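Coordinate analysis (summary)
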Amino acid sequence: MITVALPKGRLGDKVYNLFASIGYDCSEIYDDNRKLVFENPENGVRYLLVKPSDVAVYVYHGAADIGIAGKDILDECGLSLYELLDLKLGKCHMCVAAQNDYKEDPSRPIRVATKFPNIAKKHYMSFNREIEIIKLNGSIEIAPLVGLSDVIVDIVETGTTLKENNLKVFEKFLPISARLIANRTSYTFHKDEIDSLCSRLQKALEEK
Amino acid sequence: MQKFINSLPTEARLPLELSKLYEQFGYQKYCMSKFEEYGFYSDNRDFLSTDGIIAFNNSAGKLMALKPDITLSIVKNARTLPHLKARYYYNENVYRIAEDTHDCKEIKQCGIELLGDVDSVATAEIVLLGLKSLEKIDSNFNLIISHIAFVSSALEDAGIKGEQRRKILGFIKRKNQHDMMLWCKENGIDKKIIDRLLKISSISGNLKEVLPALKELVTDNKTSAAYEELEGICKAIEGFEFFEKLRLDLSVLNHLDYYTGILLQGYVENSPSPVLSGGRYDSLAKKIRGDGGAFGFAVYLDGLNLHYPNKSEYDCDTVILYDKSDSALLKAANELCEAGKKVRLEHEMPEGIRASRILKYINGSLTEVAE
């Protein structure tokens with residue numbers, strides 16, 4: 001039995017359909033209920049529906065053998081995991097954005113509002129730019145508008161939200177997509193099964 | 001005695017069993033002081049597996065460190081000549097700043113270090129002891145063996161060093177072939193080197209089965225020697241029943257500033273992270289002792305009680321309830337203890353204690369109490 005941590009929401013639905021297409025079906029998942037654990041012993045699979053930002057934590061601690069997490073979450077949490085496959089779903093970029101007329105003041109640290117403090121620190125550290133992090137949990141776009149920050153570091157898919165708030169992308173620096181991750185111990189003990197799942201997923205993605 | 005040891009929680013049982021195992025193979029116990037001069041660790045910071053040293057001033061104003069590592073101390077204090085073998089084992093706690101919470105952390109470790117003449121027999125001996133150590137935790141285990149020569153050689157051939165080297169090693173460690181391929185292409189790495197790196201990151205399986213694939217990665221003297229070393233280990237361990245549990249995975253590349261050859265990483269089924277880690281660290285031995293090899297590993301005991309809880313239904317075998325004490329009471333309890341039972345003497349049944357048998361001591365005799 002392989003336990004899969006699936007992110008709740010649109011991405012999770014897409015990923016589940018992909019898994020179902022290669023034989024890891026669990027029809028109960030379509031039932032209209034509030035259950036978070038679904039199991040199909042015949043197909044040897046159990047799904048845990050978890051918050052997208054928690055997928056890596058479930059897998060790291062071995063509560064799930066594998067999971068699907070965004071590259072943004074993986075880079076932010078920095079947990080020691082295997083990253084076996086790029087599912088090429090949920091594609092977007094980590095970006096630095098600011099008000100349309102923003103001009104950087106090199107005489108002082110940049111105030112950066114973000115949900116991803118580790119990614120932001122690493123990015124600015126790569127060119128030795130001093131920053132001040134303002135950690136927010138949502139609606140990041142407001143921060144520069146009300147003077148809370150100079151820029152934001154956030155994921156941008158279409159850029160519509162930025163545009164509607166008079167912001168624009170100044171720098172794109174990290175391509176993001178959903179990744180198949182595995183716990184190191186689980187991979188060691190279920191290598192053949194996880195490798196086979198990986199190659200079938202890859203094939204299904206190529207045929208799409 | 002073994003029954004008693006088996007009844008102990010995992011983190012208490014293992015140090016006893018591992019100590020016995022290491023002693024049987026001629027390893028001497030090494031005890032170290034909790035405090036050492038900070039300067040020693042800061043001079044050898046490259047060889048520490050952590051940046052978080054807990055330091056403080058002693059009464060003379062000298063900066064001291066709460067021991068963050070045992071290997072450094074063993075290498076510094078070992079007295080054997082480099083052409084001979086010095087074998088030590090330890091059962092110690094180390095103190096570090098946790099990377100995630102930044103809190104001070106006490107970590108229980110048992111391990112062995114073999115210094116001096118690390119020949120092929122000594123190498124196989126350490127691998128065997130790694131396998132046997134894991135078996136003491138769980139019969140379902142895997143010992144992963146790796147060798148840094150293959151990846152080092154590929155990177156050297158391509159002239160990749162510094163930040164680029166660090167980046168590629170990060171991809172291999174995470175088995176992240178998709179990003180490695182993209183990054184290598186973007187950075188103009190030669191296709192032949194990319195193919196070599198992809199092969200390195202994907203080689204994984206039973207040591208004997210993957211040796212032919214590994215042979216294809218032999219490109220120079222260094223990789224040839226590494227192949228022969230791994231082949232030698234394979235031959236030496238092949239006769240043992242747990243040979244199947246010895247696996248090769250070249251993506252195991254931990255702490256490359258420290259290790260110089262073979263790397264070991266051990267897994268047991270219930271623990272989500274490795275419980276054994278080690279390898280060959282000749283450069284540290286050379287720096288401190290001037291010559292000779294060094295090979296060892298540590299078993300991490302923290303968290304094993306959680307992943308391997310004591311499954312005993314009872315806290316003790318027998319509770320003897322008594323009203324009045326007399327000399328025969330203690331004698332009766334002692335007889336049960338000598339017979340290998342865990343016994344508690346109580347006036348009344350203690351709350352929260354589960355006993356398989358409750359006896360009442362009345363007038364010099366023991367009678368069964370119905371629950």
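The rules we used
- Residues numbered from 1 in each chain as written.
- Chains lettered and ligands numbered in written order.
- Predicted model: local features only at pLDDT ≥ 70, side-chain atom pairs only at ≥ 80, totals over all residues.
- Heavy atoms only, no water.
- Helix = DSSP H or I, 4+ residues; strand = E, 2+ residues; numbered from the N terminus.
- Contact = heavy atoms within 4.5 Å.
- Areas by Shrake-Rupley, 256 points an atom, 1.4 Å probe, with all protein chains shown as cover.
- Lys, Arg positive; Asp, Glu negative; His and termini not counted.
- Charge placed at Lys NZ, Arg CZ, Asp CG, Glu CD.
- Pairing = 2+ DSSP bridges.
- Buried < 20%, exposed > 50% of the residue type's maximum accessible area, 1.4 Å probe, protein only.
- Disulfide = S-S within 2.5 Å.
- Buried area = accessible area lost by both parts, 1.4 Å probe.
- Salt bridge = Lys/Arg side-chain N within 4 Å of Asp/Glu carboxyl O.
- Polar contact = N/O pair within 3.5 Å; in protein donor to acceptor, adjacent residues only side chain to side chain.
- Domains from an automatic or database assignment.
- pLDDT = per-residue confidence, 0-100.
- Patch = residues over 30% accessible without salt bridge, like charges linked within 9 Å, V, L, I, M, F, W, Y side chains within 5 Å.
- Axes fitted to C-alpha atoms, helices over the stretch in contact; angles between N-to-C directions.

**Focus: the overall build of chain B**
Looking only at helices and strands, one finds 14 helices and 16 strands in chain B. C-alpha atoms of chain B, sized along the principal axes, occupy 90 × 55 × 40 Å. Residue pairs at least 24 apart in sequence account for 68% of intrachain contacts in chain B once pairs closer than 6 positions are excluded. Per element, the accessible surface of chain B, about 18100 Å² overall, is 49% carbon and sulfur. Here chain B contributes 48 positively and 54 negatively charged side chains, and the mean placements of these two sets differ by 2 Å.

**Some remarks on the overall build of chain A**
Secondary structure assignment for chain A yields eight helices and eleven strands. Here the C-alpha coordinates of chain A stretch approximately 65 × 35 × 30 Å along the principal axes. Accessible surface computed for chain A: about 10600 Å², of which carbon and sulfur atoms make up 48%. The positive charge centre, built from 27 side chains, and the negative charge centre, built from 30, are 3 Å apart in chain A.

**Notes on the pairing of strand 16 (residues 365-368) of chain B**
All names here are of chain B. The pairing of strand 15 (residues 355-362) with strand 16 spans four bridges and is classified as antiparallel. For Lys360, the partnering residue across the bridge sits in strand 16 and is Thr367. Between the antiparallel neighbours strand 15 and strand 16 lie two residues, among them Asn363 with a positive phi of about 50 degrees.

**Some points on helix 8 (residues 177-186) of chain B**
Turning to helix 8 of chain B, its buried residues are His178, Asp179, Met180, Trp183 and Cys184 of chain B. Gly188 of chain B lies just past helix 8 of chain B and shows a positive phi near 65 degrees.

**Overview of the sheet that holds strand 11 (residues 276-280) of chain B**
Residue and element names in this part refer to chain B. Taken in spatial order, the nine strands line up as 1-5-6-12-11-10-7-9-8 in an open sheet, and their pairing is mixed. In this open sheet, the two edge strands, each paired with only one partner strand, are strand 1 (28-29) and strand 8 (204-206). Inspection of the sheet shows strand 10 (residues 262-268) paired to strand 11 by four bridges, in the antiparallel sense. Across the sheet, the residue bridging to Gly266 is Leu276, located in strand 11.

**Concerning the environment of Leu329 of chain B**
Residue and element names in this part refer to chain B. Mapped onto the elements, Leu329 comes out in helix 14 (residues 327-338). Leu329 sits 257 residues away from Leu72 along the chain, and the two C-alpha atoms are 52 Å apart. Among all residues touching Leu329, those that are not within four sequence positions of it are Ile320, Tyr322, Leu345 and Tyr361.

**Notes on unusual backbone geometry**
Residues and elements named next belong to chain B. Look at Lys175: it is not a glycine, yet its phi comes out positive at around 50 degrees. Mapped onto the elements of the fold, Lys175 is located in the loop between helix 7 (162-173) and helix 8. On the basis of relative accessibility, which here comes to 6%, the residue Lys175 falls in the buried class. In this model, Asn363 sits at a positive phi of 50 degrees, which is unusual for a non-glycine residue.

**As for the state of the cysteines**
Counting across every chain of the model gives zero disulfides over all chains. Free cysteine Cys77 of chain A: the closest other cysteine sulfur is in Cys92 of chain A, separated by 16 Å.

**Focus on the interface of chain A and chain B**
Each partner contributes residues to the interface: chain A has 20 residues there, and chain B has 21 residues. Taken over both partners, the interface formed by chain A and chain B buries close to 1700 Å², and the fraction arising from carbon and sulfur atoms is 46%. Our count for the chain A to chain B interface comes out at three salt bridges. Among the ionic pairs, Glu83 of chain A bridges to Arg174 of chain B, the shortest N-O distance being 3.3 Å. On inspection of chain A and its partner chain B, the count reaches ten residue pairs in polar contact (both at pLDDT 80 or more).

**Structural notes on the domain arrangement of chain B**
In many analyses, interface size is given as the accessible surface area lost on bringing the parts together. What the domain assignment reports for chain B is domain 1 (1-145 + 254-312), domain 2 (149-252) and domain 3 (316-368). Once you take the C-alpha centre of each, domain 2 of chain B and domain 3 of chain B turn out to be 61 Å apart.

**A closer look at the confidence of the model for chain B**
Looking at chain B, the pLDDT average stands at 89 and 96% of residues meet or exceed 70. For this predicted complex, the interface confidence reaches an ipTM of 0.89, while the overall pTM sits at 0.88.

**Some remarks on a nonpolar patch on the surface**
A cluster of nonpolar side chains, namely Ile142, Leu145, Val146 and Leu148 of chain A, defines an oily patch on the protein surface of about 340 Å² accessible area. Secondary-structure assignment places Ile142 of chain A in helix 5 (residues 142-145).

**What about the sheet that holds strand 4 (residues 63-66) of chain B?**
Residue and element names in this part refer to chain B. In spatial order, the strands read 2-4-3; together these three strands make up an open sheet with antiparallel pairing. The two strands at the open ends of the sheet, each matched to only one other strand, are strand 2 (35-37) and strand 3 (54-57). Between one strand axis and the next, the sheet turns through 40 degrees on average, direction left out of account. Where strand 2 lies against strand 4, three bridges are found, and the strand directions are antiparallel. Within strand 4, the position partnered with Glu37 by the bridge is Met64.

**Some words on the side chain of Gln265 of chain B**
Residue and element names in this part refer to chain B. Assignment of secondary structure puts Gln265 in strand 10. Overall, the relative accessible area of 5% leaves Gln265 in the buried class. Within polar-contact distance, the side chain of Gln265 engages the side chain of Tyr267 at 3.0 Å. In this view, Gln265 contacts Asn142, Leu143, Ile144, Val252, Asn254, Pro274 and Leu276; residues no more than four positions away in its chain are not counted.

**Focus on helix 6 (residues 149-157) of chain B**
All names here are of chain B. Within helix 6, seven of the nine residues are buried, which leaves the element mostly enclosed by the surrounding structure. For helix 6, the complete set of buried residues consists of Ala149, Phe150, Val151, Ser152, Ser153, Ala154 and Leu155. Contacts from the buried residues of helix 6 go to strand 7 (141-147), helix 7, helix 9 (191-202), helix 10 (207-215) and helix 11 (221-237). With its phi angle positive at about 65 degrees, Gly159 sits one or two positions after the end of helix 6.

**Observations regarding the pattern of salt bridges**
Taken as a whole and judged by the stated rule, the model has 33 salt bridges over all chains. Measuring nitrogen to oxygen at the nearest pair gives 2.7 Å for the salt bridge that ties Arg129 of chain A to Glu104 of chain A. Placement of Arg129 of chain A in the loop between helix 4 (117-125) and strand 8 (131-135) and of Glu104 of chain A in the loop between strand 6 (92-99) and strand 7 (110-114) is noted, with a sequence separation of 25 residues between them. Residue Arg129 of chain A is classed as buried on the basis of its relative accessible area of 16%. With a shortest N-O distance of 2.9 Å, Asp150 of chain A and Arg108 of chain A are connected by a salt bridge. In this pair, Asp150 of chain A sits in the loop between helix 5 and strand 9 (151-156) while Arg108 of chain A sits in the loop between strand 6 and strand 7, placing the two residues 42 residues apart along the sequence. Judged by relative accessible area, Asp150 of chain A falls into the buried class, the value being 8%. We classify Arg108 of chain A as partly exposed; its relative accessible area is 32%. Several salt bridges converge on common partners, so that one network encompasses Lys71, Asp75, Glu83, Asp86 and Arg179 of chain A together with Arg174 and Asp179 of chain B.

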